[in-house]
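Working through the structure, step by step
Single-letter residue listing:
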Amino acid sequence: MTAQPDADKTLKTILSRLDDMKAEETVTIDLRGKSAYSDYMIITSGRANRHVGAIAENVAKALKETGIKNIHVEGLPNCDWVLIDSGDVILHVFRPEVREFYNLERLWTQGPSGAKVI
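In short, a report on the structure. (Residues numbered from 1 in each chain as written. Predicted model: local features only at pLDDT ≥ 70, side-chain atom pairs only at ≥ 80, totals over all residues. Heavy atoms only, no water.)

Bringing the environment of H51 into the picture now. Tracing the sequence through the fold places H51 in helix α2 (residues 49-65). Classification of H51 by relative accessible area gives buried; the value is 11%. Setting aside residues no more than four positions away along its own chain, H51 makes contact with M21, K22, A23 and G46. Side-chain polar atoms of H51 contact the backbone nitrogen of R47, separated by 2.8 Å. (Helix = DSSP H or I, 4+ residues; strand = E, 2+ residues; numbered from the N terminus. Buried < 20%, exposed > 50% of the residue type's maximum accessible area, 1.4 Å probe, protein only. Contact = heavy atoms within 4.5 Å. Polar contact = N/O pair within 3.5 Å; in protein donor to acceptor, adjacent residues only side chain to side chain.)

Written out as structure tokens, the structure reads:
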């Protein structure tokens, strides 16, 4: 399966901002053909709550600037785990301890038809 051009553009925008904000251990999971609601999932970490919040706010701002509407953001008040759903791409920004606890990478990449990490 191939992603929609918008999904690839959104993915590149998010990955660029994550790099600019010094996000750590960024993993992109290809969900095409595995999920009806999204093409890609990105999982990354910030060093502390403030870093997680800054990363999330910066990415949300970039998505709005590129014209993506209806961005859904959850978790900004605590900044332990912030989820940004832009439709085609879902971003999870974690503090390292929270990321290790939930271990979403394992959840989405194991099994007989696990999604591919790119």
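Moving on, we get to the pattern of salt bridges. Taken as a whole, this structure holds six salt bridges when the rule is applied. When the shortest N-O distance is used, the salt bridge between R32 and D30 registers 2.3 Å. Note on R32: relative accessible area 23%, which makes it partly exposed. Where D80 meets R95, a salt bridge forms, and the shortest distance between an N and an O atom there is 2.6 Å. (Salt bridge = Lys/Arg side-chain N within 4 Å of Asp/Glu carboxyl O.)

Glancing now at α2. The end-to-end C-alpha separation of α2 is 24 Å, in line with the 24 Å expected for 17 residues at 1.5 Å each. Those residues of α2 that fall on the buried side of the exposure criterion are H51, V52, G53, I55, A56, V59, A60, A62 and L63. Count one or two residues on from α2 and you reach G67, which has phi positive near 95 degrees. (Expected span 1.5 Å × (residues − 1).)

Time to look at the environment of V89. Locating V89 in the fold gives a position in strand β5 (residues 89-94). Put simply, V89 and Y37 are 52 residues apart on the chain and 9.1 Å apart in space, counted from C-alpha to C-alpha. The residues contacting V89, other than those within four sequence positions of it, are A7, T10, L11, I14, S38, Y40, I42 and I84.

Take the packing of aromatic side chains next. According to the stated counting rule, one finds three aromatic pairs in the structure shown. Aromatic side chains W81 and F94 sit 4.7 Å apart centroid to centroid with 35 degrees between the ring planes, which places their arrangement in the tilted category. One end of the pair, W81, is in strand β4 (residues 81-85); the other, F94, is in strand β5, with 13 residues separating them in the sequence. F94 sits in the buried class, given a relative accessible area of 1%. On the basis of an interplanar angle of 90 degrees and a centroid distance of 4.9 Å, the ring pair of F101 and Y102 is categorised as edge-to-face. Aromatic rings pair up to connect W81, F94, F101 and Y102 into one cluster. (Phe/Tyr/Trp six-rings, centres within 6.5 Å; stacked < 30°, edge-to-face > 60°.)

Let us now look at the side chain of H92. Secondary-structure assignment places H92 in strand β5. Among the residues examined, H92 registers a relative accessible area of 7% and is labelled buried. Leaving out residues up to four positions away in the same chain, H92 has contacts with M41, I42, I43, T44, W81, V82, L83 and L104.

Here we come to unusual backbone geometry. In this structure, C79 is a non-glycine residue whose phi angle is positive, near 60 degrees. Tracing the chain through its elements places C79 in the loop between β3 (72-74) and β4. Residues other than glycine seldom take positive phi values, yet N103 does so here, at roughly 45 degrees. Topologically, N103 is positioned in the loop between α3 (96-102) and α4 (104-109).

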